[in-house]
Amino acid sequence: MRLRALAVIAASVTVIALASCGGGDSLDIDTSGVDVEALLTTAADRMDAVESFRFDLEHDNGTASIVRGLEMVRAEGDVEGADRMRLLVEAKAGPLNAELEMIVLPGEGWITNPLTGRWEKETIDVASFFDPAEGVTGLMRSLDGGEITKARTINGFDTYQVEASIASELLTLFGDAREGETIRLKAWIGIDDPLVHRVEAVGGIVSGEPDNLVRRLTLTDFDQTFDIQAPR
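Residues numbered from 1 in each chain as written. Predicted model: local features only at pLDDT ≥ 70, side-chain atom pairs only at ≥ 80, totals over all residues. Heavy atoms only, no water.

Q: Would you take a moment to explain the overall build of the protein chain for this structure?
A: What the protein chain contains, in helices and strands, is 4 helices and 12 strands. Expressed as a percentage of its 232 residues, the buried residues of the protein chain come to 51%. Nonlocal contacts in the protein chain, meaning residues at least 24 apart in sequence, comprise 57% of its contacts between residues at least 6 apart. Here the protein chain has roughly 10,800 Å² of accessible surface; of this, 47% comes from carbon and sulfur atoms. (Helix = DSSP H or I, 4+ residues; strand = E, 2+ residues; numbered from the N terminus. Buried < 20%, exposed > 50% of the residue type's maximum accessible area, 1.4 Å probe, protein only. Contact = heavy atoms within 4.5 Å. Areas by Shrake-Rupley, 256 points an atom, 1.4 Å probe, with all protein chains shown as cover.)

Structure below.
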């Protein structure tokens, strides 16, 4: 089943443009009395309870290596639980642009061949590739010494913008990370409901990535029903 490729990606361009200037519209809210550590703990607990969501992942100033020598520029898709994911990927293969789909299920994975469009078996698991379900929760628990810098509206939801630095090896959200680097991070957490609506990480997480690489992950459609099955 093909994802809503161009429609969803086109819609996310607006989100991305807002994110490039720090998120959505600023809110006139006093954040000085908010306990950031309590907020992060509450956000982690809330995300633990989420069963499914939709995501958009974008890279600025670089790409991320995935399978078969491909470099991911952008991805969008659906996640159910900790081990079911379906995504559409915009990638580069050398000088060429490629579009492919991936499905990850417990113990098995598939990818469409960029040249033929046919599904092929591929060794992929969520944890080593891109782990938004477990990774976002773990990220909220790993942040230390963060501060709430402002409040903004993200995708129609009022959020606190939390900024912090984190050791690269703790940032498991984006797969196997190298050690010894400091990553600058922003997270947008709901004010009325502490869902994590967006995470932005600046820095090279995997060996060989540039220091100014920006990963921007936006989460929507929490606890919706997605039928993620093996390709037919």
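Moving on from the model shown.
Q: Even after reading the chapter, I still don't get the nonpolar core, so can you show me in this structure?
A: The nonpolar side chains of a soluble globular protein tend to be buried, and buried together. Grouped together as the largest cluster of nonpolar side chains are 53 residues, with contacts concentrated most on Phe 55, Val 89, Leu 139 and Met 140. Among the elements that line this core, the one with the most residues is helix 2 (residues 36–48), at 6 residues. Dropping the residues within four chain positions of it, Leu 139 is found in contact with Ile 166, Leu 171, Leu 173, Leu 185 and Val 199. (Core = buried A, V, L, I, M, F, W, Y, C linked by side-chain atoms within 4.5 Å.)

Q: Help me understand the side chain of Asp 78, please; the structure alone is not making it clear to me.
A: With respect to the helices, strands and loops of the structure, Asp 78 is situated in strand 3 (residues 71–80). Within the structure, the side chain of Asp 78 is placed 2.8 Å from the side chain of Arg 54, a separation counted as a polar contact. A polar contact is formed between the side chain of Asp 78 and the side chain of Arg 86, at a distance of 2.6 Å. (Polar contact = N/O pair within 3.5 Å; in protein donor to acceptor, adjacent residues only side chain to side chain.)

Q: Help me understand the pattern of salt bridges in this model?
A: When their charged atoms lie close together, side chains carrying opposite charge are able to pair. Counted under the stated rule, the structure contains 14 salt bridges. Its salt-bridge partner being Arg 46, residue Asp 193 comes within 2.7 Å of it at the nearest N-O pair. In this pair, Asp 193 sits in the loop between strand 10 (182–190) and strand 11 (196–202) while Arg 46 sits in helix 2, placing the two residues 147 residues apart along the sequence. Between Arg 141 and Asp 48 there is a salt bridge whose closest N-O contact spans 2.9 Å. Of this pair, Arg 141 sits in helix 4 (residues 132–142) while Asp 48 sits in helix 2, placing them 93 residues apart in sequence. (Salt bridge = Lys/Arg side-chain N within 4 Å of Asp/Glu carboxyl O.)

Q: Teacher, can you tell me more about the pairing of strand 10 here?
A: Remember that side chains alternate between the two faces of the sheet whenever the strand is regular. Relative to strand 10, strand 9 (residues 157–167) runs antiparallel, the two sharing 9 bridges. Looking at strand 10, one finds that Tyr 160 is bridged to Ile 189. Pairing between strand 10 and strand 11: 6 bridges, direction antiparallel. Looking at strand 11, one finds that Arg 184 is bridged to Val 202. With antiparallel pairing between neighbouring strands as the criterion, strand 10 and strand 11 make up a hairpin whose turn holds 5 residues. (Pairing = 2+ DSSP bridges.)

Q: What am I meant to see in the environment of Pro 114 here?
A: When you line up the elements, Pro 114 lands in the loop between strand 6 (108–112) and strand 7 (119–121). A relative accessible area of 37% places Pro 114 in the partly exposed class. When the C-alpha atoms of Pro 114 and Leu 100 are compared, they prove to be 5.6 Å apart, with 14 residues separating the residues in sequence.

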